[in-house]
Amino acid sequence: FKQKTAYEIVDCDWSSDVCSSDLKPMSLTPPRTALVAALLGAALATGAAEPAFDRSPQPMRASPSPLPPHWQQGVFMEIFVRAYQDSDGDGVGDLKGLVSRLDELKDLGIRGIWLMPVTASADRDHGYATTDHRAVEPDYGTLEDMDTLLREAHARGIGVVMDYVINHASHRHPAFQAALADERSPWRRWFMWSDTASQGWDIWGKNPWYWAGAQPWDFQGEYKDLPRPPAGARGHYFGTFGPHMPDFDFRHPPVLDYHLDSLRFWLNRGLDGFRLDAVPHMVENDAVHWNDQPESRALTKRLQDTTLAYPNRYVVCEATAEPQAYGDPAVCGGAFAFGYQHHFIGAAKGQADSVAELARYYRSARPTMATFLSSHDIFAGLRLWDQVGGDEARYKLAAAGYLLQPGTPFVYYGEEVGQASLPGLAGDGPIRGSMSWSAEPRGAGFSPKGPWLGVSPNAATHNAEAQKRDPGSIRSFYKTVIGWRNQRPRSEEHTSELQSQSTISYAVFCLKKK
């Protein structure tokens, strides 16, 4: 890309910290003291107040990892903290509640936890509308609670990675609010702005350029149905995922600096890594070349390198269009195997093409790919219970398939007990209900105040408490299969052969049970 400075036009290479020109090499990132002084001076010149969020430099402070080598190849649990366990009776899951359930995860054989966003956000729901990348969502607790989670998880041999939302912020983020307040503000450069609404764009059926004057973040309805701005309207900003989540402008070097420092902020506290959200969307070049651009891949490599500079850490990326490309160590080094998850269910239903794909996939895919059967995004599918129509034999067969293949398996909370989706809810609601801990009718053990979104329709029988007592239950099956996986060698040279053999053995076992 081209970056215009006060002195020259320079070519910038995202794969390093260096920009080059016909004159001389120059740093992509100005010295920190000069950068802060320049931003402060510009803010004072425009009369704008400094936005209140921590953007201080965070030097690397690495310490030895308390986790064993290759812990990243164990089974992870994806946890939506808001729906997992309420510790204080307010009806919202929290970090203390999660800490109280760590022994359940250890008993199951879990080696890693992926936390959906736990940073401060504006949505009071999923957490992807971030307002502060270095603060804990107040509904969930405090930084001290996060430190306690890390300490207690590590004591049980469990690593913790968190969702890091890098592509965008909430419209309530202090930097975006400062950009809105004054078009001369230096914070305007942190986001993507255009005087006019650029035409020809179509991202999932909508133009991602929004006129700020209409306050589109308050619009109730489909964003594609937003009224057109009046003639001559100025001040449009870009939001891949909607007007409530404006995209950062990664062509502005301080933005990348801020995020790299924010990664180090958490790593310095002992976090074990990140699930990097929506990384193919970090850089858009035009209305045609907007998804998964080379610049986004190079930036992703920078994020991976920053994280893996710390010992024994883990990175996995969300890249739905070309997941295997992001599994390459030259990009992210690990990525969720979107599209592949449907073949575990298909094979469990006896579909020949899915059986063939399970046999073929890891002949070309890297063993660092992350496998799953469902997740917090409904486009990946309903909960496994619904996908197999409540057939427990097929449920176990699908589970064995991905738990014993190469890759890093991610169990979606509640999957281990056969939790069903919630009926009658729109969007992602059906798969984000509170965890079924017991048969208690009000909230299934989640909270005395009741459930988050609703109690699973099969919570009376498919809950952790009941299933722990039943040796033939889904949870008992998961514990057995995960235990077998945990007993196998963890080095990559052994993973593929042994786990492929295990998959076949358990497939035969499950079919016989059927």
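Our subject is the structure that appears above.
It should be emphasised that the depicted structure is a prediction, and the values quoted were computed from it without experimental measurement.

A. Representation of the nonpolar core in the model. In terms of nonpolar packing, the biggest core is built from 126 residues, with Leu105, Leu115, Met146 and Tyr478 touching the most fellow members. Top element by residues in this core is helix α6 (residues 253–268). It accounts for eight residues. Listed in part, the six residues of the second largest apolar core include Met192, Trp201, Ile203 and Phe238.

B. Main features of the pairing of strand β9 (residues 159–165). With respect to burial, β9 is a largely interior element, seven of its seven residues being buried. With four bridges joining them, strand β6 (residues 112–115) and β9 adopt parallel strand pairing. Following the sheet pairing, Leu115 is matched in β9 by Met162. By the bridge criterion, four bridges tie β9 to strand β13 (residues 273–277) in an arrangement that is parallel. If you follow Met162 over to β13, its bridge partner there is Phe274.

C. Spatial organisation of the environment of Glu183. One can find Glu183 in the loop between α5 (174–181) and β10 (193–194). C-alpha of Glu183 to C-alpha of Gly235: the two residues are 52 residues apart in sequence and 8.2 Å apart in space. For Glu183, the residues in contact, after removing those within four places along its chain, are Arg188 and Arg234.

D. View of the packing of aromatic side chains. Following the criterion strictly, the structure yields 42 aromatic pairs and no others. Each ring, one from Phe53 and one from Trp190, has its centre 6.0 Å from the other, and the planes form 85 degrees; the classification is edge-to-face. One end of the pair, Phe53, is in the loop between α1 (32–46) and β5 (76–79); the other, Trp190, is in the loop between α5 and β10, with 137 residues separating them in the sequence. Each member of the pair, Phe53 together with Trp190, is buried. Among the aromatic residues, those joined into a ring-pair cluster are Trp71, Phe76, Trp114, Tyr314, Phe336, Phe338, Phe372, Phe379 and Phe410. The cationic tip of Arg82 hangs over the ring face of Trp452; the distance from NZ or CZ to the ring centre is 5.6 Å. Taking NZ or CZ as reference, Arg188 lies 3.6 Å from the ring centre of Trp193, over its face.

E. Spatial organisation of the state of the cysteines. Summed over all chains, the structure comprises one disulfide. With its sulfur 2.2 Å from that of its partner, Cys317 forms a disulfide with Cys332. Classification of the bridge connecting Cys317 and Cys332 rests on its S-S torsion, roughly 90 degrees, and on that basis the disulfide is right-handed. Here Cys317 is found in strand β14 (residues 314–317), whereas its partner Cys332 is found in the loop between α8 (323–327) and α9 (341–348), with 15 residues between them in sequence.

F. Local environment of α9. Taking burial as the measure, the eight residues of α9 include six buried ones, the bulk of the element. When α9 is considered as a whole, its buried residues turn out to be Gln341, Phe344, Ile345, Gly346, Ala347 and Ala348. Where the residues of α9 are buried, they touch α10 (352–360), β15 (370–372), α11 (384–387) and α12 (392–403). Of the residues trailing α9, Gly350 is marked for its positive phi of about 85 degrees.

Analysis parameters
Residues numbered from 1 in each chain as written. Predicted model: local features only at pLDDT ≥ 70, side-chain atom pairs only at ≥ 80, totals over all residues. Heavy atoms only, no water. Core = buried A, V, L, I, M, F, W, Y, C linked by side-chain atoms within 4.5 Å. Buried < 20%, exposed > 50% of the residue type's maximum accessible area, 1.4 Å probe, protein only. Helix = DSSP H or I, 4+ residues; strand = E, 2+ residues; numbered from the N terminus. Pairing = 2+ DSSP bridges. Contact = heavy atoms within 4.5 Å. Phe/Tyr/Trp six-rings, centres within 6.5 Å; stacked < 30°, edge-to-face > 60°. Lys NZ or Arg CZ within 6 Å of the ring centre and 35° of its normal. Disulfide = S-S within 2.5 Å.

Interpretation in functional terms is not warranted from these geometric data alone.
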